Amino acid sequence: MKNAILDLNTVNYLKSFADSSSAGRSLRFDPTTQASSRYGGVFLNWTKQSEQQYFENMKSKVPSGRTVSLEFLSLVGSPQGDSSQYNATYQLTVLHTQPNIANQVRGQSQFFLITDRSRNWVIWRWVDVQQSANDSTWSDIKGAFGQ
């Protein structure tokens, strides 16, 4: 996921997520309460295709020569056979051209992973958590570019 974001590679980014045809489960994204209120219906039926739309829209607003960076400041996992959970404190920087959308967001994400039919780890549930009331989160980026 991290490399796909740094490279702005949609195909590789989407490989991070479960879908019912290869993993038996579809992606579920739980945004922060604040982003859910702010962006309303955007998150009601969030799917892997929604991830693609947000990522493509975001990518189109990053001018050539500008960067995107993702840091996982802490990453704690608990593997359990063919499933796992990771809690990650993140900082995502997207140097896009859209006014009124934060260029840097931070928070904590809980990633729930399973193995798909090819034995690759994929995210089937992603919970985003706001850590500070003043911070924008990944949910805000998704909400803004997912419309």
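Anything mentioned here points back to the structure above.
Residues numbered from 1 in each chain as written. Predicted model: local features only at pLDDT ≥ 70, side-chain atom pairs only at ≥ 80, totals over all residues. Heavy atoms only, no water.

## Observations concerning the overall build of the chain
A tally of helices and strands in the chain yields six helices and five strands. When the elements of the chain are put in sequence order from the N terminus, they spell out α-α-α-β-α-α-β-β-β-β-α. Against the 2.2 N^0.38 benchmark of 15 Å for 147 residues, the chain shows a C-alpha radius of gyration of 15 Å, consistent with a compact globule. Structurally, the chain occupies a C-alpha span of about 45 × 30 × 30 Å along its principal axes. Relative to its 147 residues, the chain shows a buried fraction of 44%. Look at the contacts in the chain between residues 6 or more apart in sequence, and 60% of them connect residues 24 or more apart. With an accessible surface of roughly 7,600 Å², the chain has 43% of that area assigned to carbon and sulfur atoms. One way to put it: in the chain the 14 positive side-chain charges average out to a point 2 Å from where the 11 negative ones average out. (Helix = DSSP H or I, 4+ residues; strand = E, 2+ residues; numbered from the N terminus. Rg over C-alpha atoms; globule rule 2.2 N^0.38 Å. Buried < 20%, exposed > 50% of the residue type's maximum accessible area, 1.4 Å probe, protein only. Contact = heavy atoms within 4.5 Å. Areas by Shrake-Rupley, 256 points an atom, 1.4 Å probe, with all protein chains shown as cover. Lys, Arg positive; Asp, Glu negative; His and termini not counted. Charge placed at Lys NZ, Arg CZ, Asp CG, Glu CD.)

## Side note on the nonpolar core
Core analysis: the biggest nonpolar cluster contains 33 residues, and I5, Y13, Y54, M58, L92, W126 and W138 have the highest contact counts within it. Among residues more than four places away in sequence, those in contact with M58 are L8, V94, I141 and F145. (Core = buried A, V, L, I, M, F, W, Y, C linked by side-chain atoms within 4.5 Å.)

## Let's talk about the sheet that holds strand β3 (residues 83-94)
As summarised here, the arrangement of the five strands in space is β1-β5-β4-β3-β2, forming an open sheet in which the pairing is mixed. Single-partner strands in this sheet number two, and they are β1 (28-30) and β2 (68-80). When strand polarity is set aside, the average angle formed by the axes of neighbouring strands in this sheet is 25°. When β3 meets strand β4 (residues 104-115), the two strands line up antiparallel, connected through eleven bridges. Across the sheet, residue L92 finds its bridge partner in β4, namely V105. Taken strand by strand, helix α6 (residues 138-145) contacts β1, β2, β3, β4 and β5 (121-129), and its axis lies near 100° from that of β5. (Pairing = 2+ DSSP bridges. Axes fitted to C-alpha atoms, helices over the stretch in contact; angles between N-to-C directions.)

## So, the layout of surface pockets
Reported here for the largest pocket is a volume of approximately 250 Å³. Around the largest pocket, the lining residues are M1, K2, S16, F72, L75, Y86, F111, L113, W121, V122 and I123. Among the elements of the structure, β2, β4 and β5 are those that each provide at least two residues to the lining of the largest pocket. For the lining of the largest pocket, the element with the most residues is β5, which contributes three residues. (1 Å grid on protein atoms, 1.4 Å probe; cavity = no way out; pocket = protein on both sides within 12 Å on 5 of 7 lines; lining within 4 Å. Points joined across faces, edges and corners; volume = space filled by probe spheres on them.)

## Things to note about unusual backbone geometry
A positive phi is found at L8, a non-glycine position, where the angle reads about 50°. Relative to the elements of secondary structure, L8 occurs in the loop between α1 (2-7) and α2 (10-14). Its relative accessible area of 18% is what places L8 among the buried residues. For N100, which is not glycine, the phi torsion reads 70° and is therefore positive. Tracing the chain through its elements places N100 in the loop between β3 and β4.

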